[in-house]
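Fold and geometry: a report
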Amino acid sequence: MRIYLVVIDDSPEAEIALRFAARRAVKTGGGVEILTLLPPQEFIAFGGIQATIEEEAHLHAEGLVTAAAGTLLEESGLRPSITVREGDGPRIVREMIDANPDIAALVLGAAANGPPGPLISHFAGPDAGALPVPVMIVPGSLTREAIDRLS
């Protein structure tokens, strides 16, 4: 099965990338894997505070992914796989692609304004030719109708 790996966060462009990936998956008989990345937490000397901060970050990420998965299921009928990981984004993406040969593309959303995010900068820059799958960069300025037409 062809799987589209989508990295999401709180940004509007992530929602657009997810919609694009879902529409492509429906049309190709594939699936969607949603990945949310947690930034590495700074070490805090007091263990209880550190644990609380990490738990809050995980709860926020799980809520984000759950909402995205619900929207995806409602709009396309697809039930995505969900992964929440902490650490270096490019390394985690590469590990996931290496571990799952069904991943056919990495789908990233680009902000409508401003510089590209760290994953786009990385995979369209120094690592552009190193992945075994295409990188699809979906412009954040696309409307829902444009996504539907293009996908």
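The structure this text deals with has already been given above.
The present account deals with the structure reproduced in this document.

**Topic: the overall build of the protein chain**
Within the protein chain one finds five helices and five strands. Reading the protein chain from its N terminus to its C terminus gives the helix and strand order β-α-β-α-β-α-β-α-β-α. When contacts within the protein chain are restricted to residue pairs at least 6 apart in sequence, long-range pairs at least 24 apart make up 75% of them. Of the accessible surface of the protein chain, which amounts to about 8200 Å², a share of 56% is contributed by carbon and sulfur atoms.

**Focus: the sheet that holds strand S2 (residues 31–38)**
The parallel open sheet is built from five strands, whose spatial order is S3-S2-S1-S4-S5. Where the open sheet ends on each side, the last strands, each with one partner, are strand S3 (81–86) and strand S5 (135–139). Between one strand axis and the next, the sheet turns by 25° as a mean value, whatever way the strands run. As paired elements, strand S1 (residues 3–8) and strand S4 (residues 103–110) share four bridges and run parallel to each other. Residue pairing in the sheet places tyrosine 4 in a bridge with alanine 105 of S4.

**Re the pairing of S5**
Sheet topology places S4 next to S5; five bridges connect them, and they run parallel. Paired with leucine 108 across the two strands is isoleucine 137, which belongs to S5. Between the parallel elements S4 and S5, the chain passes through helix H4 (residues 118–123) in a crossover that is right-handed.

**Some remarks on helix H1 (residues 12–28)**
For H1, which comprises 17 residues, the first-to-last C-alpha distance of 25 Å matches the rise-based estimate of 24 Å (1.5 Å per residue) to within 8%. All of the buried residues along H1 are Glu13, Ala14, Ile16, Ala17, Leu18, Arg19, Phe20, Ala21, Ala22 and Ala25. Positive phi appears at glycine 29, one or two residues downstream of H1, with a value of about 70°.

**Description of the pattern of salt bridges**
Scanning all chains against the criterion turns up four salt bridges. A salt bridge links arginine 19 to aspartate 148, with the shortest nitrogen-to-oxygen separation between them at 2.9 Å. Separated by 129 residues along the polypeptide, arginine 19 in helix H1 and aspartate 148 in helix H5 (residues 144–150) bring together distant segments of the chain. Residue arginine 19 is classed as buried on the basis of its relative accessible area, which comes to 14%. Put simply, glutamate 95 and arginine 91 hold a salt bridge, and the shortest N to O gap is 2.7 Å. Linking glutamate 95 with arginine 91, this pair stays in helix H3 (residues 89–99), spanning four residues, or about one helical turn. Looking at glutamate 95, the relative accessible area reads 34%, which means it is partly exposed. One salt-bridge network, held together by shared partners, links Arg19, Arg23 and Asp148.

Definitions and limits used
Residues numbered from 1 in each chain as written. Predicted model: local features only at pLDDT ≥ 70, side-chain atom pairs only at ≥ 80, totals over all residues. Heavy atoms only, no water. Helix = DSSP H or I, 4+ residues; strand = E, 2+ residues; numbered from the N terminus. Contact = heavy atoms within 4.5 Å. Areas by Shrake-Rupley, 256 points an atom, 1.4 Å probe, with all protein chains shown as cover. Pairing = 2+ DSSP bridges. Axes fitted to C-alpha atoms, helices over the stretch in contact; angles between N-to-C directions. Right-handed = clockwise from strand over helix to strand, strands pointing away. Expected span 1.5 Å × (residues − 1). Buried < 20%, exposed > 50% of the residue type's maximum accessible area, 1.4 Å probe, protein only. Salt bridge = Lys/Arg side-chain N within 4 Å of Asp/Glu carboxyl O.

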